[in-house]
Amino acid sequence: MIWLSPTFSRRLNSSDCGAACQAAWRLPTVTRADWQSARRLATCPTIRQTVLFLLLPAIALAGSVSGEVELTNSKDAAVRKHRDYSGVVIWLEPADRASPASPPKRVEMLQKEKTFVPHVVAIALGGTVDFPNLDPIFHNAFSNFSGQPFDIGLYAPKTSRAMTFKHPGIVRVFCNIHSTMSAIIAVVNTPWFAVSVSSGKYNIPSVPAGEYHLRIFHERAMPENLRFLERRIIVPESGMALPLISISETGFIPAPHMNKYGKDYPLGGSEGTYPGAPKQ
Ligand SMILES: [Cu+2]
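Residues numbered from 1 in each chain as written. Predicted model: local features only at pLDDT ≥ 70, side-chain atom pairs only at ≥ 80, totals over all residues.

Okay, unusual backbone geometry next. With an omega of 0°, the peptide bond running from valine 117 to proline 118 counts as cis. Here proline 118 is to be found in the loop between β6 (115-117) and β7 (120-124). Notably, asparagine 73 is not glycine yet its phi reads approximately 55°, a positive angle. Mapped onto the fold, asparagine 73 is located in the loop between β2 (65-72) and α4 (77-82). Taking the number of C-beta atoms within 10 Å as the measure of exposure, asparagine 73 has 16 and is therefore partly exposed. Look at lysine 158: it is not a glycine, yet its phi comes out positive at around 65°. Along the polypeptide, lysine 158 turns up in the loop between β10 (150-151) and β11 (160-164). For lysine 158, a count of 10 C-beta atoms within 10 Å puts it in the exposed group. (Helix = DSSP H or I, 4+ residues; strand = E, 2+ residues; numbered from the N terminus. Buried ≥ 20, exposed ≤ 12 C-beta atoms within 10 Å, placed from the backbone.)

Take a look at the structure:
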């Protein structure tokens, strides 16, 4: 299936507002100076409508791919009651060319109130995640299966550790001290990706025209359900809005995870203490 979106191609007849108005019509893109010029032009009632129609196609030419997701058949109370559709990762892999390398970027995943915040982050291959510890207790962050295994070790309150991810994949992150802490880092081999907010909306900016494989991940969706939703899309220069993506959580069974040694977390041992940790 190929999703297509019509390119915004409306052309208007220029008015008789003089040279300034004619110049505005010929603007190929909108720069900061153009915006300032457009604001000045907008004071002219004759060309106010001209400025409006000038800006609309220019914004569309940014080429964003946007849309909305929903989660269905969920056992999660927040999803059922509040329709929290956050944490869905959507990314676009070029289908007709190699994916360009992304400039290395850093994102933060806080350790705050015994929670990784945000719970889901997406980064391009080669990106780095900082893990500032904002709690008054020690934390750890590790992953020992799928994606890229790592362990940043035990670290003190008000300090931070970082990890660079050099392999694409889904990294499931845990804390070796607190069994309830978990997070997802999606490492994608493309510069074009987004994570849905609680409303389910997402926006991938500045996507060049071309053919792409649309990939999707959500931690409570079964891999076969996600594969079923993958699509080949053709993105026009004007960008496009995708149809609603409905993700079923059918088949998901939450299971406790092991600590970084592959063993159960010790009972009662997850309240900020850690073997060998200095007394606080
Ligand atoms: Cu912790």
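What follows continues from the structure just given.
Moving on, we come to the sheet that holds β11. Pairing within the open sheet is mixed, and its three strands lie in the order β4-β8-β11. This sheet does not close on itself; its edge strands, each paired only once, are β4 (106-108) and β11. Between one strand axis and the next, the sheet turns through 25° on average, direction left out of account. Two elements, strand β8 (residues 128-132) and β11, share five bridges in a ladder whose sense is antiparallel. Bridge assignment links aspartate 130 to a residue of β11, and that residue is alanine 162. (Pairing = 2+ DSSP bridges. Axes fitted to C-alpha atoms, helices over the stretch in contact; angles between N-to-C directions.)

Here the focus is the environment of alanine 98. Following the sequence through the fold, alanine 98 ends up in the loop between β3 (89-94) and β4. Counting along the chain gives 92 residues from alanine 98 to threonine 190, while the straight-line C-alpha distance between them is 9.3 Å.

On to the pairing of strand β13 (residues 182-188). Sheet faces and side chains relate simply in a regular strand, where the side chains alternate between the two faces. Within β13, six of the seven residues are buried, leaving the element largely enclosed by the surrounding structure. As paired elements, β7 and β13 share five bridges and run parallel to each other. Within the sheet, the bridge partner assigned to valine 120 lies in β13 and is isoleucine 184.

Turning to the environment of leucine 134, a few remarks are in order. Mapped onto the elements of the fold, leucine 134 is located in the loop between β8 and β9 (142-143). When the 13 C-beta atoms within 10 Å are taken as the criterion, leucine 134 is described as partly exposed. Sequence-wise, leucine 134 and proline 157 are 23 residues apart; in three dimensions their C-alpha atoms are separated by 6.2 Å. Leucine 134 has contacts with Leu110, Gln111 and Lys112, leaving out every residue within four places of it along the chain. (Contact = placed C-beta atoms within 7 Å.)

For the rest of this paragraph, the subject is the nonpolar core. Val89, Ile90, Leu92, Val173, Ile185, Phe193 and Ile204 are the most contacted members of the largest nonpolar core, which totals 49 residues. The element contributing the most residues to this core is β13, with six residues. Apart from residues lying up to four places away in sequence, valine 89 is in contact with Val120, Ala122, Ala186, Phe193, Val195 and Phe217. (Core = buried A, V, L, I, M, F, W, Y, C linked by C-beta atoms within 7 Å.)

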